[in-house]
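Summary of the model geometry
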Amino acid sequence: DAEITQSPRHKITETGRQVTLACHQTWNHNNMFWYRQDLGHGLRLIHYSYGVQDTNKGEVSDGYSVSRSNTEDLPLTLESAASSQTSVYFCASSGQEGTDTQYFGPGTRLTVL
Amino acid sequence: EDQVTQSPEALRLQEGESSSLNCSYTVSGLRGLFWYRQDPGKGPEFLFTLYSAGEEKEKERLKATLTKKESFLHITAPKPEDSATYLCAVQGNSGGYQKVTFGTGTKLQVIP
């Protein structure tokens, strides 16, 4: 069955370190998204991609970057981790532009000390 | 700016006690309204997509309805396994940008 996976599931790091969170999907979806989820906030979009070599900033993109070298993967990099980036991160994918359902991965809980 | 407000924030029901969750929204041209279920420590799980006012969709004990300003998730005779946080989200016409705006969710607890 097609799925979307994230790794690691849990990560503890220190302020200032670079961190990369992995996202891999086997849906063969063109569109991929990264969100963060914090108490009191809905899911907030960090970055998104409509296809290979395409990346775009979402509403909370400062301090984050992504790259898309193939259809299946969209890694999220925190260039210099900050305590404000402690959160749960979700990757999602969807099949086409327009109204289309986004399917989510299991999430990565990141703690920045 | 698109907005989604869900109410109540939390709901406690006895097993078998039917109720409804509300999702009020403002969006510039609705392209779709989504309902997800999220269990603790897991990612959101897709339930329904509604596209236009008057549309209804059902799945087991859940039924989602849509008007021009709000959506309801009706839960009929809930069971303890229906306990979860239910998220509502909308996608509007934003020049091709596939932006989806999420609400903060309703945490449902069903007591045996």
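Please refer to the structure higher up on the page.
Now for a description of the structure that goes with this document. (Residues numbered from 1 in each chain as written. Chains lettered and ligands numbered in written order. Predicted model: local features only at pLDDT ≥ 70, side-chain atom pairs only at ≥ 80, totals over all residues. Heavy atoms only, no water.)

This paragraph deals with the sheet that holds strand β7 (residues 64-66) of chain A. Strand pairing in a sheet relies on backbone hydrogen bonds. The paired strands run either parallel or antiparallel. Residue and element names in this part refer to chain A. The strand order across the open sheet formed by four strands is β1-β3-β8-β7, and the pairing between neighbours is antiparallel. Among the strands making up the open sheet, the edge pair consists of β1 (4-7) and β7. Strand-to-strand twist of the sheet, defined as the mean angle between neighbouring strand axes without regard to direction, takes the value 20°. In this structure, β7 lies alongside strand β8 (residues 76-78), joined through three bridges in antiparallel fashion. In the sheet register, Tyr64 faces β8, and the bridge partner there is Leu78. (Pairing = 2+ DSSP bridges. Helix = DSSP H or I, 4+ residues; strand = E, 2+ residues; numbered from the N terminus. Axes fitted to C-alpha atoms, helices over the stretch in contact; angles between N-to-C directions.)

This part takes up the state of the cysteines. Under the defined criterion, the tally for this structure stands at two disulfides over all chains. There is a disulfide in this structure between Cys23 of chain A and Cys91 of chain A, and the S-S distance comes to 1.9 Å. Disulfide Cys23 of chain A-Cys91 of chain A: the torsion about the S-S bond is -70°, which places it as left-handed. On the criterion of sequence distance, the pair formed by Cys23 of chain A in strand β3 (residues 19-25) and Cys91 of chain A in strand β9 (residues 87-94) is long-range, its members being 68 residues apart. Two residues, Cys23 of chain B and Cys88 of chain B, share a disulfide whose sulfurs are 2.0 Å apart. (Disulfide = S-S within 2.5 Å.)

In this section: the nonpolar core. If you look at the biggest cluster of nonpolar residues, it comprises 22 residues, and the most contacted ones within it are Leu33, Trp35, Leu73 and Tyr86 of chain B. Breaking this core down by element, the ones donating at least two residues are β2 (10-14), β3 (19-26), β4 (30-38), β5 (45-50), β7 (62-66), β8 (70-75), β9 (84-92) and β11 (106-111) of chain B. The dominant element in this core, judged by the number of residues it contributes, is β9 of chain B, at four residues. Counting residues in hydrophobic clusters, the runner-up holds 17 residues, among them Leu21, Met32, Tyr64 and Ala81 of chain A. (Core = buried A, V, L, I, M, F, W, Y, C linked by side-chain atoms within 4.5 Å. Buried < 20%, exposed > 50% of the residue type's maximum accessible area, 1.4 Å probe, protein only.)

So, about the interface of chain B and chain A. If you look at the interface, chain B gives 22 residues, while chain A gives 27 residues. For the pair chain B and chain A, the summed buried area comes to about 1700 Å², and 49% of that belongs to carbon and sulfur atoms. Across the contact surface, chain B and chain A share zero salt bridges. Applying the counting rule to chain B against chain A returns four residue pairs in polar contact (both at pLDDT 80 or more). (Contact = heavy atoms within 4.5 Å. Buried area = accessible area lost by both parts, 1.4 Å probe. Salt bridge = Lys/Arg side-chain N within 4 Å of Asp/Glu carboxyl O. Polar contact = N/O pair within 3.5 Å; in protein donor to acceptor, adjacent residues only side chain to side chain.)

A few words now on the sheet that holds strand β1 (residues 3-7) of chain B. All names here are of chain B. Pairing in this open sheet of five strands is antiparallel, and the strands run β1-β3-β8-β7-β6 from one edge to the other. With one partner strand each, in any of the chains shown, β1 and β6 (56-59) form the two edges of the open sheet. Strand after strand, the sheet turns through a mean of 15° between neighbouring axes, direction not considered. For β6 and β7, the ladder comprises four bridges, and the chain directions are antiparallel. Paired with Lys59 across the strands is Leu62, a residue of β7.

We now examine the packing of aromatic side chains. Per the stated rule, a full pass over the model turns up 12 aromatic pairs over all chains. Arranged with centres 6.4 Å apart and planes meeting at 20°, the rings of Phe33 of chain A and Tyr48 of chain A form a pair that is stacked. Taken together, the positions of Phe33 of chain A in strand β4 (residues 31-37) and Tyr48 of chain A in strand β5 (residues 44-51) put the pair 15 residues apart, joining distant regions of the chain. On the basis of relative accessibility, which here comes to 1%, the residue Phe33 of chain A falls in the buried class. On the basis of relative accessibility, which here comes to 8%, the residue Tyr48 of chain A falls in the buried class. Centre to centre, the rings of Tyr35 of chain A and Phe104 of chain A are 5.6 Å apart; their planes meet at 40°, and the pair counts as tilted. Taken as a pair, Tyr35 of chain A in strand β4 and Phe104 of chain A in strand β10 (residues 103-104) lie far apart in primary sequence, 69 residues in all. Using a relative accessible area of 1% as the deciding quantity, one classes Tyr35 of chain A as buried. Aromatic rings pair up to connect Trp27, Phe33, Tyr35, Tyr48, Tyr50, Tyr103 and Phe104 of chain A together with Tyr36, Phe46 and Phe102 of chain B into one cluster. (Phe/Tyr/Trp six-rings, centres within 6.5 Å; stacked < 30°, edge-to-face > 60°.)

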